[in-house]
Amino acid sequence: MSSNKNALIRYKTLDKCLKNKYRKYTLEDLIDECSEALFEFEGKESFVSKRTVQLDLQNMRSEKFGYEAPIEVYERKYYRYSDPDYSIHNISVNESDLKAMNNAVQILKQFKDFSMFKEMNGVIQKLEDSIHSTNQKSIIHLDKNEQLKGLEYIDVLYDAILHKKVLNITYKSFKARESDSYIVHPQLLKEFNNRWFLICSNKQYVYNLALDRMEDIQTDENIEYIDMNLDGDEYFKDIVGVSVSPTMAPRNVVFFVDSSNAPYVKTKPFHASQEIVSESNEGTIFKICVQLNFELERLLLGFGECLVVHKPRKLRLRLEEKFKAAAKNYENLAVPDED
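Given the structure is predicted, the values throughout are model-derived calculations rather than measurements.

Chemist: Describe the environment of Ser35, with residues and values.
Modeler: Within the element layout of this structure, Ser35 appears in helix H2 (residues 27–42). The class of Ser35 is buried, set by a relative accessible area of 11%. Spatially, the C-alpha atoms of Ser35 and Ser49 are 8.8 Å apart, while their sequence positions differ by 14 residues. Among all residues touching Ser35, those that are not within four sequence positions of it are Ser46, Phe47 and Val48.

Chemist: Residues and numbers for the nonpolar core, please.
Modeler: In terms of nonpolar packing, the biggest core is built from 24 residues, with Leu30, Val53, Leu57, Met60, Ile71 and Tyr81 touching the most fellow members. Only helix H1 (3–18), H2, helix H3 (50–61) and strand E2 (78–81) provide two or more residues apiece to this core. Sequence-distant contacts of Tyr81, that is, excluding residues within four places in its chain, are made with Asp15, Leu18, Lys19, Met60, Ala69, Pro70, Ile71, Tyr86, Ser87 and Ile88. Of all hydrophobic cores here, the second largest spans 20 residues; its members include Tyr153, Val184, Ile217 and Val242.

Chemist: Give a detailed account of the pairing of strand E3 (residues 166–171), specifying residues and quantitative values.
Modeler: The pairing of E3 with strand E7 (residues 214–220) spans 6 bridges and is classified as antiparallel. Its bridge partner lying in E7, Thr170 is registered against Asp216. In this structure, E3 lies alongside strand E4 (residues 180–192), joined through 5 bridges in antiparallel fashion. Residue pairing across strands places Ile169 opposite Tyr182, the latter belonging to E4.

Chemist: Please provide a residue-by-residue account of the packing of aromatic side chains, values included.
Modeler: Enumeration over the complete set of coordinates arrives at 8 aromatic pairs. Centre to centre, the rings of Tyr11 and Tyr67 are 6.1 Å apart; their planes meet at 75 degrees, and the pair counts as edge-to-face. Linking Tyr11 in helix H1 with Tyr67 in the loop between H3 and strand E1 (71–74), this pair joins segments that are 56 residues apart in sequence. Taking the relative accessible area as the measure of exposure, Tyr11 reaches 6% and is therefore buried. On the basis of an interplanar angle of 45 degrees and a centroid distance of 5.7 Å, the ring pair of Tyr74 and Tyr78 is categorised as tilted. On the basis of relative accessibility, which here comes to 14%, the residue Tyr74 falls in the buried class. Among the aromatic side chains, those forming a connected cluster through ring pairs are Phe255, Phe270, Phe286 and Phe303. A cation over an aromatic ring shows up here: Arg80 above the ring of Tyr74, its NZ or CZ 3.8 Å from the ring centre. Sitting above the plane of the Phe236 ring, Lys190 keeps its charged end 4.6 Å from the centroid.

About the thresholds
- Residues numbered from 1 in each chain as written.
- Predicted model: local features only at pLDDT ≥ 70, side-chain atom pairs only at ≥ 80, totals over all residues.
- Heavy atoms only, no water.
- Helix = DSSP H or I, 4+ residues; strand = E, 2+ residues; numbered from the N terminus.
- Buried < 20%, exposed > 50% of the residue type's maximum accessible area, 1.4 Å probe, protein only.
- Contact = heavy atoms within 4.5 Å.
- Core = buried A, V, L, I, M, F, W, Y, C linked by side-chain atoms within 4.5 Å.
- Pairing = 2+ DSSP bridges.
- Phe/Tyr/Trp six-rings, centres within 6.5 Å; stacked < 30°, edge-to-face > 60°.
- Lys NZ or Arg CZ within 6 Å of the ring centre and 35° of its normal.

Right, dumping it as structure tokens:
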């Protein structure tokens, strides 16, 4: 058991003793109570030292954890709260704290219908009741889509990652005529652009599967799980989106954004590596260092004529081809005009 959890158990035990009006507790009694409480939780003999309990009482008296407990020693021997109604669980909350809690509740409410947060509904309702915020409308609105196909699989995938289970996933990509089965070792769940992906591995490769293309998921208990120990921040650090190549080195991508749109790119960078190369009245030249993938292309194309890629040449030519194809689509478009 962690030292933090041990401390919480001791504080809870001391609180119970100090507010007991019908028994007198000496320091030795408090030591015994704490040792017994830890034994009940751990199931093994656990002795708490005198110094530990004295330090706990000192911490409870101080502002360190916000308790400021009114602990007194009477008859030079016994410990109790000078305020018989005090408890460390009855910490006062000021108006500023209530406002902060209310803002948090309004944000949590937006996740109430999301499958992963179903069990939070009761907790959110209790918070609303306790801070009297039920009738307040939400001021912060988060972008979400509970109807997105594949969200029903998040719970089982989360559980498989948490408990290290191998999965057999029936999957049909947009390009495939028929579904395929994949034996995978799930590692991470990733949300990008309001769409969810499973980062998983087989014995050789790490890749992603979109949840909206999954048709069925079964647990395979006969295969030993392989933990890749993936760190999301490290794994995705060189990309925009979710598509990571194990062999591609990140490239310097240099692009120009006109003066009307440059502020949007400055305030919402395409990537953590983004920096300004130069600025003029016409616009700004930016540089990012990332792998070249589909999601990056989509992001750059989204700015249309307002953005021009300078380097690398391969990416510039690819976007040029796409813009030419798009222009041709409009040139050959034959639809009746409507007022």
